[in-house]
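Structure assessment
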Amino acid sequence: METDDPSEPPSSAPAKLGPGLTLVATPIGNLADFSPRAQQALAEARAILCEDTRVTARLLARHSIAAPLLALHDHNEESEAPRLVGRLMAGEKLALVSDAGTPLVSDPGFRLVRAAIAAGVPVSAIPGPNAAVMALTLSGLPPHPFLFHGFLPPKSAARAAEIARLAAMEAAGLSATLIFYEAPHRVAEALAALAEGLGPDRPAAVARELTKRFEEVRRGSLADLAVHYAAHEARGEVVLCVGPAPPPAEPSADTLDSALRAAMARMTLRDAAAHVAAATGLPRKRVYARALELAEGA
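So, here's what we can say about the structure. These figures come from a predicted structure and were not determined experimentally. (Residues numbered from 1 in each chain as written. Predicted model: local features only at pLDDT ≥ 70, side-chain atom pairs only at ≥ 80, totals over all residues. Heavy atoms only, no water.)

Here's the deal with the pattern of salt bridges
Within this structure, the stated rule accounts for 15 salt bridges. Note that R111 is salt-bridged to E77, the shortest N-O span being 3.5 Å. Residue R111 is found in helix α4 (residues 110-118), and its partner E77 is found in helix α3 (residues 77-89); the two are separated by 34 residues along the sequence. The salt bridge involving R290 is made with E293; its shortest N-O contact spans 2.7 Å. Separated by three residues within a single helix, R290 and E293 lie in helix α11 (residues 284-297), roughly one turn from each other. Look at R290 and you get partly exposed, because its relative accessible area is 27%. The exposure class of E293 is partly exposed, given its relative accessible area of 46%. (Salt bridge = Lys/Arg side-chain N within 4 Å of Asp/Glu carboxyl O. Helix = DSSP H or I, 4+ residues; strand = E, 2+ residues; numbered from the N terminus. Buried < 20%, exposed > 50% of the residue type's maximum accessible area, 1.4 Å probe, protein only.)

Thoughts on the sheet that holds strand β3 (residues 69-71)
As summarised here, the arrangement of the five strands in space is β3-β2-β4-β1-β5, forming an open sheet in which the pairing is parallel. Here the strands that pair on one side only, and so sit at the sheet edges, are β3 and β5 (123-126). Direction aside, neighbouring strands of the sheet carry axes that sit 25° apart on average. Packed on one face of the sheet, helix α2 (residues 53-62) meets β2 (47-50) and β3 and runs near 155° to β3. (Pairing = 2+ DSSP bridges. Axes fitted to C-alpha atoms, helices over the stretch in contact; angles between N-to-C directions. Contact = heavy atoms within 4.5 Å.)

Examining the nonpolar core
F180, L191, L194, L222, L240 and V242 are the most contacted members of the largest nonpolar core, which has 22 residues in total. Only α6 (156-171), β7 (177-182), α7 (187-198), β8 (203-208), α8 (222-231) and β10 (238-242) provide two or more residues apiece to this core. No other element matches α7, which puts seven residues into this core. Beyond its immediate stretch of four places on either side in the chain, L240 contacts L178, I179, F180, E182, V187, A190, L191, L194, A205 and V206. (Core = buried A, V, L, I, M, F, W, Y, C linked by side-chain atoms within 4.5 Å.)

Things to note about the packing of helix α9 (residues 253-264) against α11
To describe two helices that pack against each other, one gives the angle between their axes and the distance between the axes. The geometry of α9 relative to α11 is characterised by a closest axis approach of 10 Å and an angle of 70° between their N-to-C directions. Judged by the angle between their axes, α9 and α11 are roughly perpendicular. Contacts between α9 and α11 involve L256, D257, L260, R261 and M264 from the first element and V287, R290, A291, L294 and A295 from the second. Classifying every residue of the contact of α9 with α11 by side-chain character gives seven nonpolar, no polar and three charged. (Parallel < 35°, antiparallel > 145°, perpendicular 65-115°, else oblique. Nonpolar A, V, L, I, M, F, W, Y, C, P; charged D, E, K, R; others polar.)

Here we look at α6
Counted at 1.5 Å a residue, the expected span for α6 with its 16 residues is 22 Å, and the 22 Å between its end C-alpha atoms agrees. Among all positions in α6, only R159, E162, I163, L166 and E170 are buried. One face of α6 carries all of its buried residues, which in axial projection span an arc of 95°. In α6, the exposed positions angled more than 90 degrees off the buried face are occupied by A157 and A171. Elements in contact with the buried residues of α6: β6 (146-151), β7 and α7. Just downstream of α6 lies G173, where phi reads positive at about 130°. (Expected span 1.5 Å × (residues − 1). Arc of directions from axis to C-beta.)

Brief notes about the sheet that holds β10
Across the sheet, which stays open at both edges, the five strands sit in the order β6-β7-β10-β8-β9 with mixed pairing between neighbours. Sheet topology places β6 and β9 (216-221) at the edges, where each strand pairs with a single neighbour. Strand-to-strand, the axes of this sheet are offset by a mean angle of 15°, without reference to chain direction. Summarising the sheet, β8 and β10 pair through five bridges and their orientation is antiparallel. Note that in β10 the partner of R208 across the bridge is V238. Strands in contact with α6 are β6 and β7; relative to β6, the strand with the most contacts, it is inclined by about 170°.

A look at the packing of aromatic side chains
The final tally for this structure, using the stated rule, is two aromatic pairs. Ring centres of F148 and Y181 lie 5.0 Å apart, and the angle between their planes is 70°; on these two criteria the pair is classed as edge-to-face. In this pair, F148 sits in strand β6 while Y181 sits in strand β7, placing the two residues 33 residues apart along the sequence. Exposure remark for Y181: the relative accessible area of 11% places this residue in the buried category. (Phe/Tyr/Trp six-rings, centres within 6.5 Å; stacked < 30°, edge-to-face > 60°.)

Shape descriptors only; they carry no functional weight alone.
Encoded structure:
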């Protein structure tokens, strides 16, 4: 959503970084996507918290930004958060980046942000690239609602269990485009597992190397994509998008009547109609009207 407020500073003169913690999005591939505001925020930070100091150092060197780098990753975030919050409460300006894209989105930082908020420290963000959202917009699948899942478990049993959990959520009414990150060497097996657990005909898209020279978005059914990537190993960063589950088939009149009779045998007519409507997805008024007809004809 855009605003047109004359009181806002023009984009050519970004506001200076305020005290507290600033989450800064960085390029997901094309370094030209590094915004002026993001560059300024990192240049003004007392220190930059990052997953891999080597990755962030290359980005800073390209843009002549000199700032101390502190590693913050899954293995040390819990222990480092109190000390970093102490620095923030003392008035320091710290910036947080991930190796690529928007911080916290399947990357470290959530525990620090939560601790900073709890301590009353200002937390702000510089928006920018995000692979999940870009893949969604390019997929051709319904853009909203969507569910971003992050990475599936790497081991087959745990992955199958997680996909089964998603399938159960869909059976309970979830209807959303699903978005996953995946390592390139696991793309084929992840697609095969998704096809088995969610249905081989589900529409899907595989987006890889987004914003880079060999950017590719391949669209098709889960089964077809699984076959393709089994024969052509994916390279680069990969995002998988899976279209929403198809609506359940409407039960036949005989099936509806059988369900209503069984429910009415053990509960009130109103409760039976509500129960069957929830189970079938049919409008409650319609099911209640049919229940009345069956009761009157009994």
